[in-house]
Amino acid sequence: MGLKFRRCLTVFLAFGMLLTVWPCAAEDAPAAMRVEMEETRVTVRGVLPDMPEELVMLAVYKDDPAAGIGRGNTCFIGQTASDSKGSYGFVFGLEETDGAGYYRFLIQSRSMEAPLTQELLYVREADLERAFSLITNAADAAALAAAWQTEANVRLAMESQGLLAEDLTLLSGAEQQQVAQAVLDGGQEDWTALAASFNPALAILRVNGAKKTGLADMLEQYQAALGLPLGAESAWAKLGAYQSRVTELLDRARPFSPKAEALAEVQSAFSEALAIVEVNTATAGTIAKVLENYETVLGIDLSGDYSRLTSSEQTLVRAALVGQNFSTAAAIKRRFEEKVKKPGGTTTPAGTGGGTGGGGGRPGGGSVTGAVEVTGQDKHCLLYTSPSPRDRQKSR
């Protein structure tokens, strides 16, 4: 059987064994709630330490798009008294007709301002086996897409095993067939292999179909499936308002193929866009670190001829990259290599045009527009201009 807590995306699987689930801490669930399920037997236990010897009620509902709470989808309602330590417990059985689906558990007592809630996806072993067989034995992409379009239990089984099947309804029929083909072309030895093909394909198609203004949100929503580093401490997060410049460059690279082998193409396009914007928004004080971070992505060599230049010459090379408006990694590489060959030459505009890479530096910093060597001194005077950053607009 499979269980997945929708809130914390934890998947549990057991075959013929008692399954004990400790839900992840939820914002609306400060007290413990433990759910144990063995086929149709359900046990709910918990502790309300501040509510000893108090009447506790449990209500369990199954998600049904055609019915609201208390209208045809109630699975269980019962009450019991907590003990002197606030512990409570319920045991009940699901009907065979209840089957796979999302179940919502609500614990309420007289002293609680709001009920404890937990929602989980429950799928029986038989549903998992049948869904896996349908997927791995599908005659073609059309047959596979038809199976998950028409059979809710197949989609639920997929969701319980980490596949983003809940988002299939956001794709067109033709796009669903593209995802199905990616699954058939990928590994099928187990659910993990299926997810490795299914999730990237679906995520790529969602990115392809996103509006330009909503592309950043789409990347963040599917960052795990796409393998993109977008966490709080990532270079992406630190760009702030300049994230829109990354998505402008990615917009040019769309559409991407949903095939599994094309995932590297998406990752490469993102890394290159990030590198371009990092260079375009760098200052004299940060450009050296940016070049180190993106040496491979930009295709430059910091350990070759550049490393044999004097410190003053390296400063001139870096200064030639700051305050420009590069639109491709190739343009950055070309400028870098030109300046390495003639570090003391005149700094001329990059000539990449377009404005999509974004120049002008980051808020609070400046952009170097040129480097003027002062005769007889081992230092350089750098001219700065104020940036004018554009705000990122988000849309879901």
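Report on the accompanying structure. (Residues numbered from 1 in each chain as written. Predicted model: local features only at pLDDT ≥ 70, side-chain atom pairs only at ≥ 80, totals over all residues. Heavy atoms only, no water.)

In this structure, W148, M158, F198, L219, L226, F270 and L298 are the most contacted members of the largest nonpolar core, which totals 81 residues. L226 has contacts with P200, A203, I204, V207, L219, L263, V266 and Q267, leaving out every residue within four places of it along the chain. (Core = buried A, V, L, I, M, F, W, Y, C linked by side-chain atoms within 4.5 Å. Buried < 20%, exposed > 50% of the residue type's maximum accessible area, 1.4 Å probe, protein only. Contact = heavy atoms within 4.5 Å.)

In this chain, R254 is followed by P255 through a cis amide linkage whose omega measures 0°. The backbone of E53 shows a phi angle near 50°, a positive value even though the residue is not glycine. Turning to its location among the elements, E53 is positioned in the loop between strand 5 (41–47) and strand 6 (55–62). (Helix = DSSP H or I, 4+ residues; strand = E, 2+ residues; numbered from the N terminus.)

This next bit is on helix 5 (residues 191–209). Over its 19 residues, helix 5 extends 27 Å from the first C-alpha to the last, a length consistent with the 27 Å expected when each residue adds 1.5 Å. Here helix 5 lies mainly inside the structure; 16 of its 19 residues are buried. Measuring from the backbone nitrogen of T192 back to the side-chain oxygen at the start of helix 5 gives 3.2 Å, which picks out D190 as the cap. (Expected span 1.5 Å × (residues − 1). Polar contact = N/O pair within 3.5 Å; in protein donor to acceptor, adjacent residues only side chain to side chain.)

Let us now look at the packing of aromatic side chains. If you walk through the whole model with that rule in mind, you get eight aromatic pairs. Seen in terms of ring centroids, F76 and F92 are 4.2 Å apart; in terms of plane orientation they differ by 10°. Their pairing is stacked. Separated by 16 residues along the polypeptide, F76 in strand 7 (residues 74–81) and F92 in strand 8 (residues 87–93) bring together distant segments of the chain. Overall, the relative accessible area of 7% leaves F92 in the buried class. Relative to F198, the ring of W148 has its centre 5.5 Å away and its plane inclined at 90°; by these criteria the two rings are edge-to-face. Note that W148 is positioned in helix 2 (residues 141–150) and F198 in helix 5, a separation of 50 residues in sequence. Each member of the pair W148 and F198 is classed as buried. (Phe/Tyr/Trp six-rings, centres within 6.5 Å; stacked < 30°, edge-to-face > 60°.)

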